[in-house]
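Now for the letters of each chain:
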Amino acid sequence: MVTRFAPSPTGYLHIGHVVNAIYVWRMAREAGGRVLLRIEDHDHLRCRPEHEVAILEDLEWLGFEPDEGVRPLLRQSDRAHLYEEALVRLRTTQHVYACDCSRKQIGGERYDGRCRERRLATERAGLGK
Ligand SMILES: [Zn+2]
């Protein structure tokens with residue numbers, strides 16, 4: 001089992017991060033698994049290098065040592081090519097389709113595929129209704 005802790009360096013580590021870290025590390029350790037650290041730096045406008053440094057220092061100070069993702073540091077922005085390759089594979093196998101529903105319309109945590117058969121004309125990236 002591999003769990004992941006993926007803070008966004010848009011601010012300093014807060015109590016919500018710590019609660020999540022306790023959960024992630026405990027789940028991994030109890031299962032004999034590993035913890036992957038990945039910096040979620042996709043918000044280029046709000047992410048700051050000083051926050052990234054502070055988060056890493058705070059995690060170390062609190063005793064949360066990831067098994068992977070620190071040296072070298074794993075950032076989401078370094079993996080764009082992997083996401084694009086995965087998207088190409090999904091398009092090739094026709095597992096991608098457009099959806100124009102808002103988050104409110106979908107509700108819940110799991111998307112039910114309601115637009116799969118609608119055959120909407122195009123995908124539109126970055127819909128954040
Ligand atoms: Zn939809």
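Only a predicted model underlies this, so the values are computations on that prediction, with no experimental measurement involved. (Residues numbered from 1 in each chain as written. Predicted model: local features only at pLDDT ≥ 70, side-chain atom pairs only at ≥ 80, totals over all residues. Heavy atoms only, no water.)

Novice: Teacher, can you tell me more about the coordination of the zinc ion here?
Specialist: Expected angles at a metal are 109.5 degrees for tetrahedral coordination by four donors and either 90 or 180 degrees for octahedral coordination by six donors. Taken together, C99 (SG), C101 (SG) and C115 (SG) make up the protein donors of the zinc ion, found 2.0 to 2.2 Å from the metal. If you list the donors of the zinc ion from N- to C-terminus, the spacing comes out as C-x1-C-x13-C. Placement of C99 in the loop between helix 3 (80–92) and helix 4 (103–106) and of C115 in the segment after helix 4 is noted, with a sequence separation of 16 residues between them. Of the residues examined, C99 reaches a relative accessible area of 24% and is grouped as partly exposed. (Donors = N, O, S within 2.8 Å, 3.2 Å for Na, K, Ca; no water. Helix = DSSP H or I, 4+ residues; strand = E, 2+ residues; numbered from the N terminus. Buried < 20%, exposed > 50% of the residue type's maximum accessible area, 1.4 Å probe, protein only.)

Novice: Looking at this structure, how should I read the pattern of salt bridges?
Specialist: Overall, the coordinates contain eight salt bridges when judged by the stated rule. The salt bridge involving R29 is made with D67; its shortest N-O contact spans 2.9 Å. Taken as a pair, R29 in helix 1 (residues 15–30) and D67 in the loop between helix 2 (49–62) and helix 3 lie far apart in primary sequence, 38 residues in all. Accessibility expressed as a relative area gives 40% for R29, which makes it partly exposed. Given the relative accessible area of 41%, D67 is considered partly exposed. (Salt bridge = Lys/Arg side-chain N within 4 Å of Asp/Glu carboxyl O.)

Novice: Please clarify how the environment of E68 should be interpreted in this entry.
Specialist: With respect to the helices and strands, E68 occurs in the loop between helix 2 and helix 3. It is 6.2 Å that separates the C-alpha atoms of E68 and L37, two residues lying 31 residues apart in sequence. Other than its neighbours up to four places away in sequence, E68 contacts R34, V35, L36 and L37. Among the polar contacts listed, one links the side chain of E68 to the side chain of R34, at a separation of 2.2 Å. (Contact = heavy atoms within 4.5 Å. Polar contact = N/O pair within 3.5 Å; in protein donor to acceptor, adjacent residues only side chain to side chain.)

Novice: Got a minute to help me understand unusual backbone geometry in this structure?
Specialist: Backbone phi values are negative for most residues with the exception of glycine, while trans is the configuration of most peptide bonds. A cis geometry characterises the amide bond from R71 onward to P72, with omega recorded as 0 degrees. Tracing the backbone through its elements, the reader meets P72 in the loop between helix 2 and helix 3. Of note in the backbone geometry, Q94 takes a positive phi value of approximately 60 degrees without being a glycine. On the secondary structure map, Q94 appears in the loop between helix 3 and helix 4. A positive phi angle is found at R119, which is not glycine, with a value near 55 degrees. Mapped onto the elements, R119 comes out in the segment after helix 4. According to the relative accessible area criterion, R119 is exposed, its value standing at 68%.

Novice: Which parts of the structure should I look at to understand the packing of aromatic side chains?
Specialist: The way to describe two aromatic rings as a pair is by their centre distance and the angle between their planes. Within this structure, the stated rule accounts for three aromatic pairs. Ring geometry for W25 against F64: centres 4.9 Å apart, planes inclined by 50 degrees, an arrangement best described as tilted. Separated by 39 residues along the polypeptide, W25 in helix 1 and F64 in the loop between helix 2 and helix 3 bring together distant segments of the chain. Both rings, one in Y97 and one in Y111, keep their centres 6.5 Å apart while their planes meet at 35 degrees; by these two values the pair is tilted. Residue Y97 is found in the loop between helix 3 and helix 4, and its partner Y111 is found in the segment after helix 4; the two are separated by 14 residues along the sequence. Owing to a relative accessible area of 26%, Y97 belongs among the partly exposed residues under this scheme. One aromatic cluster is present, built from ring pairs that chain together F5, W25 and F64. (Phe/Tyr/Trp six-rings, centres within 6.5 Å; stacked < 30°, edge-to-face > 60°.)

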